[in-house]
Structure formats: structure tokens, C-alpha cells
Amino acid sequence: MTIRVLVAEDQSAVRAGLVLILRSAGDIEVAGEAADGEEAVRLARELRPDLVLMDVQMPRLDGVSATRQVVAEGLADVLVLTTFDLDEYVFGALRAGAAGFLLKNAEAAELISAVRTVARGEGLIAPAVTRRLIAEFAAPAAPSRNAHAAEPAELASLTRREREVLGCLGQGLSNAEIAGRLDMAEATVKTHVSRLLGKLGLRSRVQAAVLAQELGL
């Protein structure tokens, strides 16, 4: 299956490099390019890509606001590019429902792997990146501490298996890794993830992972 990607990056040289890398993969098609957030949203509506590779700091409309619109309208999954300063931009992208985060200095193979991972529904990419993100946002002083804190009743709505899956998400595990640890089919893991996200009112696996860390699961 070909993965159609929209690349949103305001620096032309960086954008050209990203496009070149993506086009080197046989299963990835660059559906379009955007130089700012407004163009990213417009092209997402027009082209309906599978995934938007979104820089967070862009003119006219920042990547966080663009991510929020793309996710809210169900146009595509969003993979956020960050320098990993862990500022309000990254936190905003998390709250907006970004499916994953990738460092701008990632190697070509990491970029291609991240796109494939998010495209198949594995929101937690690059364990070293997501675990650092989780650790930062789950820290007591982090501004996101109560952003998605679930009431006890909400957590109580989860089944035993869903709690176990949520705990695994908090450790940055992929569906395949969760399946192996909990001795269940990968398709069953996907079902549990979908259900627990719905019950907890979360938009992405990344948000679920942060919540799991905050709750000490």
C-alpha cells in the first residue's frame, strides 16, 4: 500500500531534503508540499493524504493550530517535526492530537520508518523520543500535568485488559510489543487501544501514554 504524505515545512531547503528522503522509499508518495500552516490545512483538505509531516514553527498559521484543524476534521494523521526544545509548541501538538513526534535531525531511515509506523496506526514512534516526551510531560512541574487527567470513574470504566494495554502504552511499546507481552493477537491490541482512547476521551496513543505515566500505571 502506498502512503501518501503531505510535507509541511517553511524552510525550503529542509523541505526539499525531507521530500527527497521520502521519495526514495518505494511505498511512500509525496502528495504535496506546504510552506506554512494555512497551506498545510488547505492542501490536506484538497489532497486528503494519509499523513501530514508537520513542522511546529511555521508562518501564517503555526503547526500546532494546523495540526488541531487537520485532526479535528479527520483529514489525516499528523507526524510532528520538532527540535525537541519541549516548549509549548510540542505540548500544544500533543493536546491537538498529533499521532507522533520526530526529531528534525533524525536519520533518513528513521524518518521513513516513522512515516510507516504512524501510517499503520502505531502512534508511538522512536521510543527514545517518545519516552523523553512522556517523562517531560509527566513530571510534576510540567504544565500538562492535569491536561488529560482522568477522573477515577473514567479509569474505572476500563477493563483489566484495557488497563494493562494502557500501562504498556505508557512504556512506549508498539502494538506488536504489547501483543507479545500480554500474549494476545495484534489485532486485539488495536481494538483495546481504540476502546480505551474512546473511554478516556483521548485523541492519540501519545496522550494515552502520558496519562498512563501520570497515573503511575
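Scroll up for the structure.
So, a few notes on the structure that sits alongside this text. What you see is a predicted model; the values in this text were computed from it and never measured.

1. Concerning the overall build of the protein
Okay, step 1: Summing up its helical and strand segments, the protein has 11 helices and five strands in all.
Okay, step 2: Of all 217 residues assigned to the protein, the portion counted as buried reaches 51%.
Okay, step 3: Counted over contacts in the protein with a minimum sequence separation of 6, partners at least 24 positions apart contribute 66%.
Okay, step 4: Of the roughly 9,600 Å² of accessible surface on the protein, 48% is carried by carbon and sulfur atoms.

2. Examining unusual backbone geometry
Okay, step 1: A positive phi angle, close to 50 degrees, is found at Arg 48, a residue other than glycine.
Okay, step 2: Relative to the helices and strands, Arg 48 is located in the loop between helix H2 (37-47) and strand E3 (51-55).
Okay, step 3: At Asp 183, a position not held by glycine, the phi torsion is positive, near 55 degrees.
Okay, step 4: Tracing the backbone through its elements, the reader meets Asp 183 in the loop between helix H9 (175-182) and helix H10 (186-200).
Okay, step 5: The exposure class assigned to Asp 183 is exposed, which follows from its relative accessible area of 70%.

3. Here we look at the environment of Ala 212
Okay, step 1: Counting through the fold element by element, Ala 212 comes out in helix H11 (residues 205-214).
Okay, step 2: Residues Ala 212 and Gly 170, 42 residues apart in the sequence, show an inter-C-alpha distance of 5.0 Å.
Okay, step 3: Those residues in contact with Ala 212 that sit more than four places away from it in its chain are Leu 166, Gly 170 and Leu 217.

What counts, and at which threshold
- Residues numbered from 1 in each chain as written.
- Predicted model: local features only at pLDDT ≥ 70, side-chain atom pairs only at ≥ 80, totals over all residues.
- Heavy atoms only, no water.
- Helix = DSSP H or I, 4+ residues; strand = E, 2+ residues; numbered from the N terminus.
- Buried < 20%, exposed > 50% of the residue type's maximum accessible area, 1.4 Å probe, protein only.
- Contact = heavy atoms within 4.5 Å.
- Areas by Shrake-Rupley, 256 points an atom, 1.4 Å probe, with all protein chains shown as cover.

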